[in-house]
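So the chains spell out like this:
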Amino acid sequence: MRKLLFVFILFCFVLVTTACASESKETSGTDEKNWEPEKPIELVAPAGAGGGWDTTARMAAKVFNETGIIEQDIGVVNKPGGGGAVGWAYVAGHDASPYNLFVASPPIVLIPLNGQSEYGHEDFTPLANMIADYAAFAVAKDAKWDNLNELFEDMKKDPESITVVGTSSPGSMDHIQFVQIAKAAGVDISKIKYVSDQDGVGLTQLLNGSVDVFSTGVSETVEQVKAGTIKVLGVTSEERLEGEVLEDFPTAKEQGIDATFVNWRGFFGPPNMDENAIKYYEEKFKKLSESEEFAEIRKQYGWDEMYMNSEEYKTFLDKQKEEIKTLLDELNLSK
Amino acid sequence: MLNTLNKRVSCVLLLLAIGYLVLAYQLPTYPYTPVDADVIPKGLGFLLVGLAICLYFAKDSETQEQKARRNIPRKDIGALLAVFAFVFLYITLLEILGFVVTTAIFIFFCSLFLGYRKHITNLIVAILFPLFMYITFTQFLKISLPPGILPF
Amino acid sequence: MGSIEGIMTGFQVAFSMQGILYVLIGVFVGTFIGMMPGLGPISAIAVMIPITFGMDPTSALVMMAGVYYGAIFGGSTSSILLNAPGVSGTVATSFDGYPMAQQGKAGKALAIAAISSFVGGTVSVVLLMLLAPVLSSVAISFGPPAYFALMFMGLTAITSLSEGSTIKALISAVVGFMVVTIGIDAQTGTQRFTFGNVNLLEGLDFLVIALGLFALAEVCSLVINRKDLSMENAHKLGSLRITKKEFKEMSGPMTRQSFLGFILGVLPGAGATIASFIAYITEKKIAKHPEEFGKGSIKGVAAPETANNAATSGAFVPLLSLGIPGSGTTAVMLGAFLVLGVQPGPLLMTDRPEIFWGIIASMYIGNVFLLILNLPLIPYIAKVLKIPRPLLISLVIMFSIIGVYAISFNTFDLYMLLLFGVVGFIMRLYAFPAPPFILAFILGGMMEQAFRQSLTISNGSLFIFVQEPIALTLLIIAFLSFIFPLIKLLRKRQA
């Protein structure tokens, strides 16, 4: 009963706060040094409702407002299309506005390189990175390979016999994360057979033996490994991950393959954002990252904490872009 | 040569198929797959060419009723075009003036144009309905619609 | 027997005061959101996720499941009354539901939809309860060749979806298939027919096509006939009562499609939309009077409505027992589980039996609630038809616009909607049927991907399609269903 009441109160609360938010506009004067938002902030998820970007955006907005780290109302706006390109074009159109942020992850580096977006991470203002996720490469439980090296040895010998499946199309995340590790292990990456399969069908194909390797995120594999239906040959983090089951996954690095891949997720602003506004958001996102509430959400979704401020973030992104470009060039996929 | 309806429609479809095929032949190749992205489109293009040719030689088998459907009085064509113009304006202004204002204006004038004469009811519906939708979407469901010139 | 104990726990959870309340909230919110233009189960679940955060997982998930099938349940209303399907799973319902409403039988159509949804929902929950653990192996039995064969089988039924010229039906289908090739190709990342426009990279959304070809094209006809008094019937609600004879007529499709819909729902990637179309097609094929379909057939409403609800329960099999989300909707549902700290997967049934069985048991109550919630509301909902024609036209247009905007959030898709409205109207004028177009749009895309995945796996060998027993069986069925009408035709000619 109490929970029920809570839901209703939440509904009413949301109504009242938004009503108030629109009225309290004129208050809070600003001086040059300390920028403060004076109107509701728009947080763009460049995808439809329910995806990873949307979830991150909605959760961040929720914690920001509920804990009062940012008092201004934060509204999540979905701008799906073009794997993000539509949303990026939208934010790029709000030059220098400190009220139009968006959530991003490696596709903002990958998609411009694939020639599918005219905007890349350089065109925006990186504010802060929040979380990290890693890739995992899984095979069926009765597969003949027990570690990445055995798999890659077979791929070198007979590339035609092994099919890799992922959710995204070639040249984007699931493909590139596998290629990056395979290349470091000395596999001829132009011979890798990769098929793309939407809506979780990839795992199905692994379980029924249609394909051999599943390139995915770490968290998607945990439950299956627990149940003993698949085994994870390697993950792409620097060091072993923490947590039950997760700690048993060997990294590619410890298997002698010198490569990592981070599926980071963070927040960006439009181009030419004001220094003071950047500072403001850096600080707020840091608070968010350190808050207990957000830690709880990270735990539920199995995300790792990975805070970077604007400067660090930019350097990190430039480096990742460099690495990926080399791969795509070798595959002749870059445009 | 184009004396029957089927023949005329067939020509339009043939043009469509050829346009599609031209584009399909320009698709870039991707080296790592046995069946490239252009295979199915090319097949579809040729299939449509074939079907268009079949249609060209097919007898007109329309019923009187179907023929009558195309006999639209000129006045109604005008009305139809006007409604399309309304919708076009609606879409164009949607993100500029905002959902509530544009929708209200659209509902009121489109209904008026189509012959609805109860102005008061029209006005009430035109204002309350979009407002209800807007509040449901933005406040309860947290799905944003363009606010436009409204303050909330 | 652990599972009997589990089922008992499930019923205890579902029939507790709290359980019942949350189911009620869930189905109510779900129906409401489902009736909103453009908002289907995906958005319904997504918008509810932040609200459930921190709630007791069992109650929250029971509620979320209610939201899910409630939204499917509510979606049929606008298909029947306005020819404007708000969710993709209810497009097939409009084929016969809308003609029924036009004949002054709107009340009956809505009642049939509600009852067959209820039957589909309930039968499939029984199946879910009895077979969930067993069926998890079925869920993963389909490889790419089998998916190809399934889609191919669906496509061979295209000609049966239309009366009149077969050539025109095939042309519609080919053009529909062409439209779905627009966008980034998943297997190669190649941009096809996008003209460099970012808005086309992900292709056109299903609802843009469906609302354009059905709702807006219908608006055009309404504008032309706006003063036509012979359509007076369309204002009538008609009786809700379903006669014994009608009920008998419905019972066949309801029984068959509960099973078929459920199985299709179990298969990842198939889902409610495909189930509803395949239900419609099979019922038409086996009907004694197939010519009634498309003109207000009771079976034509009952079949897709049973199937889409049955498929919804079916989709819980891979989600709950394997942790595999088989569709966009169940993927969001998986997100809802994660937020609450519950990991669906092979261990859920043993680790958290109260959740696993609680959700399933709650679906019985949910379906009953949906029925008693919806039936009395029908006369009020159907009042929509009393709205004077000019105002109704404006409102249908608004409904379509908001429906598309709530998915894509940009005006480009709205212009596309307008374009497909024009295309749909022209197709009507020249007697090109729209159902084959939409069917090819749905099945064609998946068929192409499955075909090419298969060939990548087999390194280009076509034998892969006959080596797999499921694929082979489906292809033989497809072949036979193609051949039989031809043989019939030949016999007729000889006679």
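What you are looking at is a predicted structure, and each value in this text was computed from that prediction instead of being measured.

Draft legend 1. Quick look at the overall build of chain B. When helices and strands are tallied, chain B shows 6 helices and 0 strands. Starting at the N terminus and ending at the C terminus, chain B contains elements arranged as α-α-α-α-α-α. Relative to the compact-globule value of 15 Å for 152 residues, chain B shows a C-alpha radius of gyration of 24 Å, a clear excess of over 25%. C-alpha extents for chain B along the principal axes are approximately 55 × 55 × 20 Å. A separation threshold of at least 6 residues defines the contact pool for chain B, and within that pool the share at least 24 residues apart is 56%. Surface accessibility of chain B: about 8200 Å² in total, with carbon and sulfur atoms responsible for 73%. For chain B, the distance from the average position of its 12 positive side-chain charges to the average position of its 7 negative side-chain charges is 11 Å.

Draft legend 2. Local environment of the domain arrangement of chain B. For chain B, the domain assignment lists domain 1 (5-69) and domain 2 (74-140). Each of domain 1 of chain B and domain 2 of chain B has a C-alpha centre, and the two are 37 Å apart.

Draft legend 3. Fine view of the interface of chain C and chain B. Of the residues lining the interface, 60 residues belong to chain C; the matching set on chain B comes to 65 residues. Where chain C abuts chain B, roughly 5800 Å² becomes buried across the two surfaces, and 83% of that area is made up of carbon and sulfur atoms. Across the chain C-chain B interface, the total number found is 0 salt bridges. For the interface between chain C and chain B, the tally reads 6 residue pairs in polar contact (both at pLDDT 80 or more). Only α2 (17-35), α3 (41-52), α9 (166-180), β2 (191-192), α10 (206-224), α19 (389-408), α20 (411-429) and α21 (434-457) of chain C provide two or more residues apiece to the side of chain C that touches chain B.

Draft legend 4. Geometry of helix α6 (residues 173-184) of chain A. All names here are of chain A. Given a rise of 1.5 Å per residue, 12 residues ought to cover 16 Å, and the 17 Å separating the end C-alpha atoms of α6 matches this to within 8%. Of all 12 residues making up α6, 10 are buried, and the element is well covered by its neighbours. Of all the residues in α6, the buried ones are Met173, Asp174, His175, Ile176, Gln177, Phe178, Val179, Gln180, Ile181 and Ala182. Gly186 occupies a position one or two residues after α6 and carries a positive phi of about 90°.

Draft legend 5. Structural context of the domain arrangement of chain A. Residue and element names in this part refer to chain A. Along its sequence, chain A is carved into domain 1 (40-132 + 263-329) and domain 2 (133-262). Look at where the C-alpha atoms of domain 1 and domain 2 centre, and you get two points 27 Å apart. Together, the buried faces of domain 1 and domain 2 total about 1300 Å²; carbon and sulfur atoms form 64% of this surface. Summed over the three residues of domain 1 that lose the most area to domain 2, namely Leu110, Asn263 and Leu327, the buried surface amounts to 43% of that side. Here domain 1 and domain 2 share 0 salt bridges between them. For the pair domain 1 and domain 2, the interface holds 4 residue pairs in polar contact (both at pLDDT 80 or more).

Draft legend 6. Examining the pairing of strand β5 (residues 163-166) of chain A more closely. All names here are of chain A. Across the two faces of β5 the burial is the same, with Thr163 and Val165 and Val164 and Gly166 all buried. The sheet contact formed by β5 and strand β6 (residues 193-196) spans 4 bridges and is parallel. Note that in β6 the partner of Thr163 across the bridge is Lys193. Note that β5 and strand β7 (residues 213-217) share 2 bridges and pair parallel. Within β7, the position partnered with Val164 by the bridge is Val213.

Draft legend 7. How the structure looks around the interface of chain C and chain A. Contacts between chain C and chain A engage 59 residues on the former and 51 residues on the latter. Interface area for chain C against chain A, summed over the two sides, is near 4500 Å², with a carbon-plus-sulfur share of 63%. At the surface where chain C touches chain A, the tally comes to 0 salt bridges. The interface formed by chain C and chain A contains 16 residue pairs in polar contact (both at pLDDT 80 or more). For the side of chain C that touches chain A, the secondary-structure elements that each account for two or more residues are α2, α3, α8 (144-156), α15 (328-339), α19 and α21 of chain C. In terms of residue class, the side of chain C that touches chain A is made up of 34 nonpolar, 22 polar and 3 charged.

Draft legend 8. A look at the packing of α19(C) against α20(C). Residues and elements named next belong to chain C. At their nearest, the axes of α19 and α20 sit 9 Å apart, and the two run at 140° to each other. Classified by the angle between their axes, α19 and α20 sit oblique to one another. Of the two elements, α19 crosses α20, and the hand of that crossing is right-handed. In this structure, α19 uses Ser400, Ile401, Val404, Tyr405 and Ser408 to contact α20, whose residues at the interface are Asp413, Leu414 and Leu417. Looking at the contact of α19 with α20 residue by residue, the class counts come to 5 nonpolar, 2 polar and 1 charged.

Draft legend 9. Inspection of the pattern of salt bridges at higher detail. Residues and elements named next belong to chain A. In this structure the tally under the stated criterion is 28 salt bridges over all chains. In this structure, the salt-bridge partner of Glu66 is Lys62, at a minimum N-O distance of 3.4 Å. A residue pair is termed a helical-turn pair when its members lie 3 or 4 positions apart in one helix, as Glu66 and Lys62 do in helix α2 (residues 52-67) at 4 residues. Residue Arg298 is joined to Glu305 by a salt bridge in which the shortest nitrogen-to-oxygen separation is 3.4 Å. Owing to a relative accessible area of 7%, Arg298 belongs among the buried residues under this scheme. On the accessibility criterion, Glu305 (45% relative accessible area) is partly exposed.

Rules and cut-offs
- Residues numbered from 1 in each chain as written.
- Chains lettered and ligands numbered in written order.
- Predicted model: local features only at pLDDT ≥ 70, side-chain atom pairs only at ≥ 80, totals over all residues.
- Heavy atoms only, no water.
- Helix = DSSP H or I, 4+ residues; strand = E, 2+ residues; numbered from the N terminus.
- Rg over C-alpha atoms; globule rule 2.2 N^0.38 Å.
- Contact = heavy atoms within 4.5 Å.
- Areas by Shrake-Rupley, 256 points an atom, 1.4 Å probe, with all protein chains shown as cover.
- Lys, Arg positive; Asp, Glu negative; His and termini not counted.
- Charge placed at Lys NZ, Arg CZ, Asp CG, Glu CD.
- Domains from an automatic or database assignment.
- Buried area = accessible area lost by both parts, 1.4 Å probe.
- Salt bridge = Lys/Arg side-chain N within 4 Å of Asp/Glu carboxyl O.
- Polar contact = N/O pair within 3.5 Å; in protein donor to acceptor, adjacent residues only side chain to side chain.
- Expected span 1.5 Å × (residues − 1).
- Buried < 20%, exposed > 50% of the residue type's maximum accessible area, 1.4 Å probe, protein only.
- Pairing = 2+ DSSP bridges.
- Nonpolar A, V, L, I, M, F, W, Y, C, P; charged D, E, K, R; others polar.
- Axes fitted to C-alpha atoms, helices over the stretch in contact; angles between N-to-C directions.
- Parallel < 35°, antiparallel > 145°, perpendicular 65-115°, else oblique.
- Left-handed = near helix turned anticlockwise from the far one by under 90°.

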